[in-house]
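Close look at the chain arrangement
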Amino acid sequence: MFNKNFLWGASTSAYQVEGAWNEDGKEPSVQDVRQVPKDTTDFKVAADHYHHWQEDVALFKELGLTAYRFSISWSRVMPNGKVNPKGVAFYSQLIDELKKNGIEPIVTVFHFDLPASLKEVGGWGNRQTIDAFATYCHFLFDTFGDRVTYWQTINEQNMLTLAGKLLSGNQKSWKDIFQENHHMLVAQAKVMGIYHDGGYPGKIGPAPNICAVYPATSSAEDQLAADYMSAFRNWLYLDAAVYGIYNVQALEVLRSLDAEPEITEEDRKMMKENTCDYVAFNYYNTACAKANPVSGTTEQGDQQKGLTVAGYFASAENPTLPKTEFGWTIDPVGLRVTAHQIYSRYHLPMLITENGLGGRDVLEEDGTIHDNYRIDYLRDHIVELKKCVDEGLPFIGYCPWSAIDVISTHEGMRKRYGFIYVNRSDFDLKDLKRYKKDSFYWYQTVISSNGQTV
Ligand code: BG6
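Just so it is clear, the model here is predicted, and its values are computed rather than measured.

Among the 16 residues in the neighbourhood of the ligand, the closest are listed as Gln 16, Glu 156, Thr 409, Lys 415 and Tyr 417. A distance of 2.7 Å separates an oxygen atom of the ligand from a polar atom in the side chain of Gln 16. Within the contact set of the ligand, an oxygen atom lies 3.0 Å away from a side-chain nitrogen or oxygen of Ser 408. Burial of the ligand by the surrounding chains reaches 98%, relative to a free accessible area of 380 Å². Grouping the constituent residues of the shell around the ligand by class yields five nonpolar, eight polar and three charged.

In this section: the sheet that holds strand E12 (residues 350-354). Taken in spatial order, the four strands of this open sheet run E1-E13-E12-E7, and their pairing is parallel. The sheet is open, and its two edges are formed by strand E1 (7-8) and strand E7 (279-282), each paired on a single side. Alignment of E1 against strand E13 (residues 395-398), held across two bridges, turns out to be parallel. Bridge pairing in E13 links Trp 8 to Tyr 398.

Glancing now at the pairing of strand E4 (residues 150-155). Across the six residues of E4, six count as buried, placing the element largely inside the fold. Pairing geometry for strand E3 (residues 104-110) and E4, over four bridges, is parallel. Residue Val 107 lies in a different strand from E4, and its bridge partner there is Trp 151. Pairing of E4 with strand E5 (residues 203-207) involves four bridges; the strand directions are parallel. Bridge pairing in E5 places Tyr 150 opposite Lys 203.

Attention now moves to the UniProt feature "active site" (unreviewed entry) in the chain. Under the UniProt annotation, the feature "active site" (unreviewed entry) is placed at Glu 354. Take Glu 354: it is sitting in strand E12. According to the relative accessible area criterion, Glu 354 is buried, its value standing at 4%. Among residues more than four places away in sequence, those in contact with Glu 354 are Ser 11, Arg 69, His 111, Asn 155, Glu 156, Phe 281, Asn 282, Tyr 283, Tyr 284, Cys 399 and Trp 401.

Between Trp 401 and Ser 402 the backbone carries a cis peptide bond, its omega angle lying at 10°. Among the structural elements, Ser 402 can be located in the loop between E13 and strand E14 (420-422). The backbone phi angle of Asp 48 is positive, close to 55°, even though this residue is not glycine. Of note, Asp 48 is situated in the loop between helix H1 (14-17) and helix H2 (49-63). Given the relative accessible area of 12%, Asp 48 is considered buried. Phi at Asn 80 is positive, roughly 50°, even though this residue is not glycine.

Okay, the packing of aromatic side chains next. Between two aromatic rings, the relevant description is the distance of the centres plus the angle of the planes. In the structure shown here, the tally under the stated rule is 37 aromatic pairs. Aromatic side chains Tyr 195 and Tyr 200 sit 5.2 Å apart centroid to centroid with 20° between the ring planes, which places their arrangement in the stacked category. The buried category is assigned to Tyr 195, whose relative accessible area is 1%. The class for Tyr 200 is buried, based on a relative accessible area of 16%. One aromatic cluster is present, built from ring pairs that chain together Phe 2, Phe 6, Trp 8, Tyr 398, Phe 419, Trp 442 and Tyr 443. One Lys or Arg, Arg 76, reaches over the ring of Phe 90 and ends 5.9 Å from the middle of that ring. Taking the ring centre of Trp 328 as reference, the NZ or CZ of Lys 415 above it sits at 3.8 Å.

For helix H15 (residues 438-448), the full list of buried residues reads Ser 439, Phe 440, Trp 442, Tyr 443, Val 446 and Ile 447. The buried side chains of H15 occupy one side of the element, clustering within an arc of 165° when seen end-on. Considering only its buried residues, H15 is in contact with E1, H2, helix H14 (372-390), E13, E14 and strand E15 (434-436). Just downstream of H15, Asn 450 is the residue with a positive phi angle, here 50°.

Scanning all chains against the criterion turns up 30 salt bridges. In this structure, Arg 127 and Asp 267 form a salt bridge, with 2.5 Å as the shortest nitrogen-oxygen distance. Placement of the pair is Arg 127 in the loop between helix H5 (116-120) and helix H6 (128-144) and Asp 267 in helix H12 (residues 265-273), with a sequence separation of 140 residues. By relative accessible area, which is 35% here, Arg 127 ends up partly exposed. A relative accessible area of 2% means that Asp 267 is categorised as buried. We note a salt bridge from Asp 390 to Lys 386, for which the minimum N-O separation is 3.7 Å. Residue Asp 390 and its partner Lys 386 are both found in helix H14; the two are separated by four residues, about one turn of the helix. What makes Lys 386 partly exposed here is its relative accessible area of 25%. Sharing partners across several salt bridges, the network here consists of Asp 361, Asp 371, Arg 374, Asp 405, Arg 416 and Lys 437.

How each quantity is defined
Residues numbered from 1 in each chain as written. Predicted model: local features only at pLDDT ≥ 70, side-chain atom pairs only at ≥ 80, totals over all residues. Heavy atoms only, no water. Near = heavy atom within 4 Å. Polar contact = N/O pair within 3.5 Å; in protein donor to acceptor, adjacent residues only side chain to side chain. Areas by Shrake-Rupley, 256 points an atom, 1.4 Å probe, with all protein chains shown as cover. Nonpolar A, V, L, I, M, F, W, Y, C, P; charged D, E, K, R; others polar. Pairing = 2+ DSSP bridges. Helix = DSSP H or I, 4+ residues; strand = E, 2+ residues; numbered from the N terminus. Buried < 20%, exposed > 50% of the residue type's maximum accessible area, 1.4 Å probe, protein only. UniProt positions renumbered as here; feature names shortened; annotations may be inferred. Contact = heavy atoms within 4.5 Å. Phe/Tyr/Trp six-rings, centres within 6.5 Å; stacked < 30°, edge-to-face > 60°. Lys NZ or Arg CZ within 6 Å of the ring centre and 35° of its normal. Arc of directions from axis to C-beta. Salt bridge = Lys/Arg side-chain N within 4 Å of Asp/Glu carboxyl O.

And the structure:
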């Protein structure tokens, strides 16, 4: 049984939902200056939540959400390093409106949207970004810390890192990528320290994308490959956040890629002394690994395809799992496997900050959207989550992705996740009107029954 304080939420991120990318003093973020697919309508308008936030919160209330996980745009609040009062006012109003409606605000401070001016001077490769991040977060804690209980530092740092080479158009070496990653780990530790030292009343944690990695066969070699992949993909990030250390197996893979970061004594101290209060994680699917000889390939995919490293592991197909129309495997029981792995390693409360199915929804002439595939996906995951809770795992809440349709990270608007449909396409902004999908009514029942009716 879910306890009565269990948070039933839903998630979004700033650049994927807000729009208003250049309004009210906002500086462009790296997302605003990136190339989008040719001929598509402006992705920067997103769901135009910046101009619809009151209507959206009213819909969240009607949905019955008791939590809303969103991210704050660094470049809106602190463009070019200076506080922007209009940006601060936007989030302040949003937080107040959520609280007025009985919805707990869950805040991620950084979700893939570094201010463009920081990228110009080297982004996370420049150690000064650590201090800029600390200044930004300190300001957020001082400004919103009395109203926000659950904070997350960096969304999916592991996916950002593993996609780093692709995102740089192969310009960066693995060494560059993992030095940036190291700076993010230090930055995270630093802001967790600021949060704890400041005596703010809530909790702070990381929000990586974590998934169990299965061996492709029952051979010891494939099991070892799965262990290495999991260390590299999952535990590197959580061992750092929870214990302030580098995972040994992950470090070994880094050495093989000639990508071991330079770590100063102060960095080690910073990481060791400043760790997290809880583990937030995003879960979409599981991974599968097979042994990879030293002569094998090293290549990068997305969170579905994973990563292949010569000498350690190669991504493998898992023939036991069905796939979404976008080719992502669906593995509800894998959520249970993953949650047990996390809890056995860290013994901290957990919060699911993303879980969901991206699909091509169709708006019918009568304004309905029949997304039964999404209901099936979420139901099956909630059933497994309930088993986790019954088995004694401490979960703070569940925030599926996404509260409302947002721009997908690399599939634009055609791949939707929301409970609320936004009337626009990749090629036409239309009227951006909101419609409730079938999953909206279904999740409403789940929430009102505290997870008893799924
Ligand atoms: C997570 C991200 O990787 O997965 C979200 O935190 C993202 O920002 C979500 O939208 C789904 O991925 P995609 O590529 O389908 O949008």
